[in-house]
Protein chains: 2
Amino acid sequence: MRALTVRPGVADSLALVEVPEPEPREGAILVDAVAVGLCGTDWEIVRGGYGEAPSGSDRLIIGHENLGRVAQAPPDSGFAAGDLVVAVVRRPDPAPCPACRVGEWDMCFNGRYTEHGIRGLSGFARPRWRADPDALIRLDPALAETGVLMEPTSIVAKAWEQVDRIGRRAYWEPAVAAVTGAGPVGLLAALLGTQRGLQVHVYDVTTTGPKPDLVAGLGATFHGQSLPDSGVKPDIVLECTGAASAVLDALGSAAGMVCLMGVAPVGAPVPVDVGRLSRDAVLGNHVVFGTVSANRRHFDAAGRALAAADPGWLRELITRRAPLARYGEALRRTPTDVKVVLDL
Amino acid sequence: MRALTVRPGVADSLALVEVPEPEPREGAILVDAVAVGLCGTDWEIVRGGYGEAPSGSDRLIIGHENLGRVAQAPPDSGFAAGDLVVAVVRRPDPAPCPACRVGEWDMCFNGRYTEHGIRGLSGFARPRWRADPDALIRLDPALAETGVLMEPTSIVAKAWEQVDRIGRRAYWEPAVAAVTGAGPVGLLAALLGTQRGLQVHVYDVTTTGPKPDLVAGLGATFHGQSLPDSGVKPDIVLECTGAASAVLDALGSAAGMVCLMGVAPVGAPVPVDVGRLSRDAVLGNHVVFGTVSANRRHFDAAGRALAAADPGWLRELITRRAPLARYGEALRRTPTDVKVVLDL
């Protein structure tokens, strides 16, 4: 079978190459791939800026946002042929750190985690893959078209869980959330914000294409200007771009909580009044936290969030689909793309 | 009776002036003042940079770090003459915000809180004052000399409580804490860190005077160099200086949690690679939070921490004492001062 692979660290090494069938040691359950979503991490891997092949291999099968259907499962596995499933992306090292040992590999302390399609484990851009039951989530069959959004939704489900858990440190009743960036992560963060009954504002520089309508479809407010220019005073900011200006706008917003989710390339230093930011954080009891990856708890929460969402809205979030063979076309980004998906 | 007062906003207006006896509306319990501690906020008020007189008055009685002994208390008040007591500093507005309503006036949302000796309420640098029972904490009689450290200890008790509460968001077992700044707040933060069984490192530019010995007296390690230069990899940083360089060192330390407690004057912008800081926070799941003031829960925790501390160490933290009349001398800071106290 053919899989989409790169030679990690080598730009323009992306190629469909013949790979062996998944080996039983990859997991007890054999899955027919349905789709793979593409995200910023994939582009960074394709550019040669990130990624690590499995031990003993010089190529990495890419694709971590996944969706599949069980082809074969052992009778006692809890899964059956035909189940719509998604695999978790990050896995603990065989010698797990204490966080990984309790299933919180997203908070890994020793840095020896692996990630399908990113770091040390084969990805899902291939016709068939395997997973163990503890790494597999069964989805509502109604998500056959949009379940590929599970992985990015798990990221925002973790962010919102962390907002809740950190918020329990003291009395706090947020009403207004700002989301900077209307890419898939920002829009899914806005979806989960509206599902919690918050008044949500979404900020993006791209005002053409489907983003404004997708925001409006949630009952949220789209802004083509910056957070400070909008005059909105949020209780929470979810920063989904990683751009220095957006990060500084979030930190300067007087929001009680700022969640950083965006990862941008390391940039050039910009002038910052650190004394003022620090003073405002102290006098306002502000919290800023970063969040990455997701564990099984967050995938479960993501499944519930997607099942509760408007199916039409989820379909519109996927702005382009292409078969695996047309991966080159899928990877050419346009400013109005939201989520681009490869069909297997 | 004479009280130490300023005309808020007017530098060099500090003066001992005749004031009336405390009025019954200030509280049911009459307290003979024992001592008042001086801190950075007092210096800022004396310089005219901060402070607000009670409504209808043009002078503010300063002094918020307090210690007193009950002179008269109603029989049903829970207090009796002779009790060693400390008053909480921040109080809710008569129309409290939801946080103030549950006693968390330290997290006040509407900004209409008042603070004794700082903002809208008379301070404690006077021979007698009054307080209501709900604003008064009874201390272990053994703290007659050092109980004036309660208010700064309440600040660090809140910081450590917030470290714990935020830390509950996921598996986390910190072992090493770094404290930047060996002033009273830094040293008391180090005390509470060692009481929790952490390995504590304390950083200060002043390597002469009592600070290194005070740190060693806790079983902690003193560093006359910066956090990155020391090579220590802390799980938690408690930043107690507010200096931009120390804040940036804390944020760049890879610690899972950074607590900001220092308030420095708003400074000049410095070049910062915001992209790198943000990326590190995201990929490391880091939390940064600011903390200010304290509520009754934190004063109670401070009382327990001081009662459990080595009495000799606490006495050495108070490096100078002066009677109220010699306030001018008390307010002249030297680089080796830790805590300076006015005796009433």
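Here, residues in each chain are numbered from 1, in the same order as that chain's written sequence. All chains are assigned letters beginning at A, and all ligands numbers beginning at 1, according to the order in which they are written. Local features are withheld for residues below a pLDDT of 70 in this predicted model, meaning they are given only at 70 or higher, and side-chain atom pairs are given and counted only at 80 or more; totals for whole chains, interfaces and linings count all residues. Side-chain descriptors were evaluated using all non-hydrogen atoms of the structure, hydrogens and water having been removed beforehand.

> Looking at this model, I keep getting lost on the domain arrangement of chain A. Mind explaining?
Often the size quoted for an interface is simply the accessible area lost on bringing the parts together. Residues and elements named next belong to chain A. Domain segmentation is taken from an automatic or database assignment of domains. Per the domain assignment, the segments of chain A are domain 1 (2-151 + 294-343) and domain 2 (154-290). Whether two residues touch is decided by their heavy atoms; if any such pair falls within 4.5 Å, the residues are in contact. Each partner contributes to the interface: domain 1 provides 26 residues, whereas domain 2 provides 21 residues. By convention, the term buried area covers the 1.4 Å-probe accessible surface removed from two parts as they join, with the contributions of both added. Around 1,800 Å² of area is buried between domain 1 and domain 2 when both sides are counted, 67% of it from carbon and sulfur atoms. Among the residues domain 1 hides against domain 2, the three largest losses belong to His-298, Trp-313 and Val-338. Together they make up 31% of the total. A side-chain nitrogen of Lys or Arg and a carboxyl oxygen of Asp or Glu constitute a salt bridge if their distance falls within 4 Å. Our count for the contact surface shared by domain 1 and domain 2 stands at two salt bridges. Distance and chemistry together define a polar contact, namely a pair of N or O atoms within 3.5 Å, with one atom able to donate a hydrogen and the other to accept it when in protein, and with adjacent residues in sequence counting only for side-chain atoms on both sides. Where domain 1 touches domain 2, the interface holds eight residue pairs in polar contact (both at pLDDT 80 or more). Elements represented by at least two residues in the side of domain 1 that touches domain 2 include exactly helix H3 (150-167), helix H9 (296-308) and helix H10 (311-317). For helices the rule is a DSSP run of H or I covering at least 4 residues; for strands it is a run of E covering at least 2, with both sets numbered from the N terminus onward. Broken down by element, the residue count for the side of domain 1 that touches domain 2 peaks at eight residues, all from H9. Following the grouping adopted for this structure description, the nonpolar residues are Ala, Val, Leu, Ile, Met, Phe, Trp, Tyr, Cys and Pro, the charged ones are Asp, Glu, Lys and Arg, and the polar ones are all others, Gly among them. Within the side of domain 1 that touches domain 2, the residues separate by chemical class into 16 nonpolar, three polar and seven charged.

> Explain the relation of the copies chain A and chain B here, please?
Superposition of the two copies of the chain requires a rotation about an axis together with a shift along that axis. For this overlay, a least-squares fit was computed on C-alpha atoms, restricted to residues scoring pLDDT of at least 70 in both copies. Superposing chain A onto chain B takes a rotation of 180 degrees combined with a translation of 0.0 Å along the rotation axis, leaving an RMSD of 0.0 Å. When the rotation and shift are considered jointly, the pair of chain copies conforms to a two-fold rotation axis. Closest to the rotation axis within chain A is the C-alpha of Pro-271 of chain A, separated from it by 2.1 Å. Of all interface residues in chain A, 100% are interface residues in chain B too; the two copies therefore contact each other through one and the same surface.

> How should I be thinking about the environment of Arg-138 of chain B in this particular structure?
Residues and elements named next belong to chain B. Note on placement: Arg-138 falls in strand E11 (residues 136-138). Relative accessible area decides the class of each residue, using a 1.4 Å probe on protein chains only: under 20% of the type maximum gives buried, over 50% gives exposed, and in between gives partly exposed. In this structure Arg-138 comes out as partly exposed when scored by relative accessible area, which is 46%. Between the C-alpha atom of Arg-138 and that of Val-70, which follows or precedes it by 68 residues, the distance is 9.5 Å. In contact with Arg-138, not counting residues within four places along its chain, are Gly-78, Phe-79, Asp-83, Leu-84 and Val-85.

> Sorry if this is basic, but what is going on with the packing of helix H3 (residues 150-167) of chain B against helix H9 (residues 296-308) of chain B here?
Think of two packed helices as two axes; the pair is described by the angle between the axes and how far apart they sit. Residues and elements named next belong to chain B. Note on geometry: axes are C-alpha line fits, over the in-contact stretch for helices, and angles between N-to-C directions span 0 to 180 degrees. For the pair H3 and H9, the least separation of the axes is 8 Å and the interaxial angle reads 105 degrees. As summarised for this structure, H3 and H9 are arranged roughly perpendicular, according to the angle between their axes. Where H3 abuts H9, its residues Met-150, Glu-151, Thr-153, Ser-154, Ala-157, Lys-158, Glu-161 and Arg-165 lie against Arg-297, His-298, Phe-299, Ala-301, Ala-302, Gly-303, Ala-305 and Leu-306. By residue class, the composition of the contact of H3 with H9 is seven nonpolar, four polar and five charged. Angle categories: roughly parallel below 35 degrees, roughly antiparallel above 145, roughly perpendicular from 65 to 115, and oblique for all the rest.

> Is there a simple way to think about helix H4 (residues 184-195) of chain B in this case?
Because an α-helix completes one turn every 3.6 residues, residues spaced three or four positions apart along the sequence face the same direction. Residues and elements named next belong to chain B. Each helix should span, by expectation, one fewer than its residue count multiplied by 1.5 Å. For H4, with twelve residues, the first-to-last C-alpha span of 16 Å sits near the 16 Å given by 1.5 Å per residue. The element H4 is extensively covered by neighbouring structure, given that nine of its twelve residues are classed as buried. Within H4, burial applies to Pro-184, Gly-186, Leu-187, Leu-188, Ala-189, Ala-190, Leu-191, Leu-192 and Gly-193. Positive phi shows up at Gly-197, right after H4, with a value of about 80 degrees.

> In this structure, what is going on with the side chain of Thr-291 of chain B? I would like to understand it.
With respect to the secondary-structure elements, Thr-291 of chain B resides in the loop between strand E18 (287-290) and H9. According to the relative accessible area criterion, Thr-291 of chain B is buried, its value standing at 3%. The contacts of Thr-291 of chain B, once residues within four sequence positions are left out, are Ala-281, Val-282 and Asn-285 of chain A together with Lys-158, Ala-159, Cys-259, Leu-260 and Met-261 of chain B.

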